[in-house]
Amino acid sequence: MTEAKQDKLERKKKQDIELTQDQPVFSPATDIYEKDDAILVICDMPGVSDSDIDITLENDVLSIIGRQHVDVPDGFKAVHQGYQSGILRRAFTITTAIDQDKIDAKLNNGVLHVVLPKTAAATPKKIEVKTA
Amino acid sequence: MWWPDIRDEGWDPFDEMRRLQREVNRLFNGYGPQTGEIPALNVYSKEDDVMVTAELPGVNAEKLDISVQGNVCTIQGTKDAEDKAEDVVCHRLERSSGSFSRSFRLPFEVQEDQVKASLDKGILTLHLPRAEASKPKKIEINAS
């Protein structure tokens with residue numbers, strides 16, 4: 001088996017890992033933009049506190065996990081459930097080299113913004129063509 | 001075979017087909033989170049109180065309009081798209097933007113001046129107390 005195939009298989013295995021908590025896992029809607037010098041990941045994380053978000057970048061895989069904490073208010077009982085709460089999880093393979101120390105994440109109004117700056121080596125350099 | 005008179009009854013066999021199509025469309029609507037009514041609501045109730053929560057990530061409080069009239073509550077708002085620089089390539093666009101509106105009817109009249117709404121971490125919480133006038137009155141029985 002070639003190395004690439006092996007790698008693919010490993011990745012597949014990783015995705016099948018279940019979580020220990022018995023909570024539904026959702027894929028939150030995510031936008032991804034790329035600039036010359038950075039990648040921006042925007043992820044909907046309603047009801048998630050900043051302390052309940054884990055962002056990791058390991059072996060080119062960016063994974064975002066957020067845990068929603070929703071309690072039924074005191075004395076109330078649920079009568080209609082239009083949406084469920086649980087764990088919000090997304091993982092993306094990042095193909096460009098990222099400057100790990102400069103990753104910046106902000107949570108605002110239930111929306112997570114992660115800025116992944118590319119390393120200087122990965123930023124494209126424009127080469128001027130000189131006319132002789 | 002019995003066949004209704006089309007000229008008199010105005011019956012159209014395609015009407016039946018269109019009705020079937022509507023039914024099937026309705027059946028598959030709400031399948032998955034994208035379709036269905038936006039925003040999705042969770043409703044909690046207590047004796048004379050109803051609490052409604054909705055997930056509205058990225059919606060500013062200023063862009064949210066909540067109104068109550070009688071027993072009908074309406075949530076309206078606009079979710080702005082992200083401002084982005086010019087030389088940006090978009091790889092994935094899953095988050096929706098635009099305006100939404102949803103109305104729902106409660107089983108009682110709402111005390112309009114006591115409705116409370118808060119928006120925290122992208123979750124809207126509405127507190128809708130029952131109007132005094134609509135509360136059932138307990139009638140004392142006089143034993144003679």
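The following paragraphs examine the structure supplied in this document. The residue numbering used here restarts from 1 in each chain and proceeds along that chain's sequence as written. Labels are handed out in written order, letters beginning with A for the chains and numbers beginning with 1 for the ligands. Per-residue local features are limited, in this predicted model, to residues with pLDDT of at least 70; the limit for side-chain atom pairs, both in listing and counting, is 80 or more; totals at the level of whole chains, interfaces and linings are taken over all residues. Values shown for side chains rest on all heavy atoms present in the structure; no hydrogens or waters enter the calculation.

1. Section: the overall build of chain A
Move 1: Strands are runs of DSSP state E lasting at least two residues, helices are runs of H or I lasting at least four, and both sets are numbered from the N terminus onward. Secondary structure assignment for chain A yields 1 helix and 9 strands.
Move 2: Among the 132 residues that make up chain A, the fraction classed as buried is 33%.
Move 3: Two residues qualify as a contact provided that any one of their heavy atoms is within 4.5 Å of a heavy atom in the partner residue. Here the analysis covers contacts within chain A between residues at least 6 apart in sequence; of these, 56% occur between residues at least 24 apart.
Move 4: Roughly 8900 Å² of accessible area belongs to chain A as shown, and the carbon and sulfur atoms make up 48% of that amount. Three exposure classes are used, based on accessible area relative to the maximum for each residue type with a 1.4 Å probe and protein chains only: buried under 20%, partly exposed in between, and exposed over 50%. The accessible surface values rely on the Shrake-Rupley method and a 1.4 Å probe; as for residues, cover is taken only from the protein chains in view.

2. Considering the overall build of chain B
Move 1: Of the regular secondary structure elements, chain B holds 2 helices and 8 strands.
Move 2: Each helix and strand of chain B, placed in order from N terminus to C terminus, yields the pattern α-α-β-β-β-β-β-β-β-β.
Move 3: Within chain B, the proportion of its 144 residues that are buried is 27%.
Move 4: In the structure as shown, chain B presents an accessible area of about 10600 Å², 49% of it carried by carbon and sulfur atoms.

3. A short note on the sheet that holds strand 1 (residues 25–26) of chain A
All names here are of chain A.
Move 1: DSSP calls a pair of strands paired once it identifies at least 2 bridges connecting them. Ordered by their spatial adjacency, 4 strands build an open sheet running 1-7-5-4, and the pairing between neighbours is mixed. In this open sheet, the two strands that pair with only one neighbour each are strand 1 and strand 4 (53–58).
Move 2: Pairing between strand 1 and strand 7 (residues 87–93): 2 bridges, direction parallel. Counterpart to Phe 26 in the pairing with strand 7 is Leu 88.

4. So, the side chain of Arg 130 of chain B
Move 1: Turning to its location among the elements, Arg 130 of chain B is positioned in the segment after strand 8 (123–129).
Move 2: Beyond its immediate chain neighbours, meaning those up to four positions away, Arg 130 of chain B contacts Asp 48, Phe 108, Glu 109, Gln 111, Lys 135 and Pro 136 of chain B.

5. Focus on the pattern of salt bridges
Move 1: Any carboxyl oxygen of Asp or Glu within 4 Å of a side-chain nitrogen of Lys or Arg constitutes a salt bridge here. All told, the structure shown has 13 salt bridges over all chains when counted by the stated rule.
Move 2: Its salt-bridge partner being Lys 102 of chain A, residue Asp 99 of chain A comes within 3.6 Å of it at the nearest N-O pair.
Move 3: A salt bridge links Lys 135 of chain B to Glu 132 of chain B, with the shortest nitrogen-to-oxygen separation between them at 3.1 Å.
Move 4: Judged by relative accessible area, which is 24%, Lys 135 of chain B ranks as partly exposed.
Move 5: Several salt bridges share partner residues, and in doing so they unite Asp 31 and Asp 44 of chain A together with Lys 79 and Arg 95 of chain B into one network.

6. Concerning the side chain of Lys 79 of chain B
Move 1: Note that Lys 79 of chain B resides in strand 4 (residues 72–79).
Move 2: A polar contact of 3.2 Å, which involves the side chain of Lys 79 of chain B, links it to the backbone oxygen of Pro 57 of chain B.
Move 3: Apart from the residues lying within four places of it in its own chain, the contact partners of Lys 79 of chain B are Asp 44 of chain A together with Pro 57, Gly 58, Val 59, Arg 95, Ser 96, Ser 97, Gly 98 and Phe 100 of chain B. Polar contact criterion, stated in full: a pair of N or O atoms within 3.5 Å, where within protein one must be able to donate a hydrogen and the other to accept it, and residues adjacent in sequence count only if both atoms are side-chain atoms.

7. Concerning the sheet that holds strand 6 (residues 98–105) of chain B
All names here are of chain B.
Move 1: One open sheet accounts for 3 strands, arranged 3-4-6; its pairing is antiparallel. Edge positions in the sheet fall to strand 3 (64–69) and strand 6, since each has one partner strand and no second. Adjacent strand axes in the sheet meet at a mean angle of 10 degrees, parallel and antiparallel pairs treated alike.
Move 2: Relative to strand 6, strand 4 is paired through 8 bridges, and the arrangement is antiparallel. Counted as the bridge partner of Cys 73 is Phe 104 from strand 6. To obtain an axis, a line is fitted to C-alpha atoms, over the contacting stretch when the element is a helix, and the angle between two such axes runs from 0 to 180 degrees between their N-to-C directions.

8. As for the interface of chain B and chain A
Move 1: The partner chain A presents 39 residues to the 34 residues of chain B that form the contact.
Move 2: Accessible area that two parts lose when put together, with a 1.4 Å probe and added across both, is what the buried area reports. Each partner contributes to the roughly 3100 Å² buried at the junction of chain B and chain A, and carbon and sulfur atoms together form 55% of this total.
Move 3: The tally of links from chain B across to chain A stands at 4 salt bridges.
Move 4: We note a salt bridge from Asp 44 of chain A to Lys 79 of chain B, for which the minimum N-O separation is 3.4 Å.
Move 5: Linking chain B with chain A are 23 residue pairs in polar contact (both at pLDDT 80 or more), by the criterion used here.
Move 6: Those elements that place two or more of their residues in the side of chain B that touches chain A are strand 1 (41–46), strand 2 (49–55), strand 5 (89–93) and strand 8 of chain B.
Move 7: Three categories are distinguished: nonpolar for Ala, Val, Leu, Ile, Met, Phe, Trp, Tyr, Cys and Pro, charged for Asp, Glu, Lys and Arg, and polar for the others, with Gly belonging to the last. Of the residues in the side of chain B that touches chain A, the class split is 15 nonpolar, 8 polar and 11 charged.
Move 8: Of the strand pairs in this sheet, strand 6 (residues 77–81) of chain A and strand 1 of chain B are connected by 4 bridges, and their pairing is antiparallel. Looking at strand 1 of chain B, one finds that Ala 78 of chain A is bridged to Tyr 44 of chain B.

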